[in-house]
Amino acid sequence: MAQTIEGYTLGAAFAAHREKWEGSLEPEKLADLIIVSQNIFEIDPHKIGDTRVVLTIVGGRVVYNADTK
């Protein structure tokens, strides 16, 4: 799971030559992120499809909040 997440985050940023600004949560980097309904590192991998996005933050602004839908 960790390798998959890294591919979608830091790997994608690296492929786009944006790893200095995106791809991981570090000081001086953009902090676009999502919060999901369950810890995908701790659940049965077959249950990952049941995971829902709870909150999405882009550019420091909440752009999606499941509670307001």
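The rules behind each value
- Residues numbered from 1 in each chain as written.
- Predicted model: local features only at pLDDT ≥ 70, side-chain atom pairs only at ≥ 80, totals over all residues.
- Heavy atoms only, no water.
- Pairing = 2+ DSSP bridges.
- Helix = DSSP H or I, 4+ residues; strand = E, 2+ residues; numbered from the N terminus.
- Axes fitted to C-alpha atoms, helices over the stretch in contact; angles between N-to-C directions.
- Buried < 20%, exposed > 50% of the residue type's maximum accessible area, 1.4 Å probe, protein only.
- 1 Å grid on protein atoms, 1.4 Å probe; cavity = no way out; pocket = protein on both sides within 12 Å on 5 of 7 lines; lining within 4 Å.
- Points joined across faces, edges and corners; volume = space filled by probe spheres on them.
- Contact = heavy atoms within 4.5 Å.

Enquirer: Account for the sheet that holds strand S2 (residues 53-58), with residues named and values stated.
Expert: One key point about sheets: their strands pair by backbone hydrogen bonds, in either a parallel or an antiparallel sense. In space, the three strands of this open sheet follow the order S1-S2-S3, with antiparallel pairing throughout. This sheet does not close on itself; its edge strands, each paired only once, are strand S1 (33-36) and strand S3 (61-65). Each strand of the sheet is rotated relative to its neighbour by a mean of 20 degrees, with strand direction disregarded. Sheet analysis places S2 next to S3, joined by four bridges and oriented antiparallel. From the neighbouring strand, Leu55 faces S3, where its bridge partner is Asn65.

Enquirer: For the side chain of Thr56, give the residues involved together with the corresponding values.
Expert: Within the secondary structure layout, Thr56 lies in strand S2. Look at Thr56 and you get buried, because its relative accessible area is 16%.

Enquirer: Please give an account of the layout of surface pockets that cites residues and values.
Expert: Leftover empty space is mapped by rolling, across the atoms, a probe with the size of a water molecule. Of the pockets and cavities examined, the largest pocket occupies roughly 710 Å³. In this structure, the largest pocket is lined by 23 residues; those nearest its centre are Ile5, Thr9, Asp32, Leu33 and Ile34. Residue assignment for the lining of the largest pocket shows that the elements contributing at least two residues are helix H1 (2-15) and S1. Considering each element in turn, the lining of the largest pocket owes the most residues, seven residues, to H1.

Enquirer: Requested: an account of unusual backbone geometry, with residues and values cited.
Expert: Positive phi values are uncommon outside glycine, yet His17 reaches one of about 60 degrees. The topology assignment puts His17 in the loop between H1 and S1. Phi at Glu28 takes a positive value of approximately 80 degrees, unusual for a residue other than glycine. In this fold, Glu28 is placed in the loop between H1 and S1.

Enquirer: Please provide a residue-by-residue account of the environment of Gly23, values included.
Expert: Structurally, Gly23 can be placed in the loop between H1 and S1. By relative accessible area, Gly23 is classed as partly exposed at 25%. For the pair Gly23 and Ala12, spaced eleven residues apart in sequence, the C-alpha to C-alpha distance is 7.1 Å. Apart from residues no more than four positions distant in its own chain, Gly23 is found in contact with Thr9, Leu10 and Ala13.

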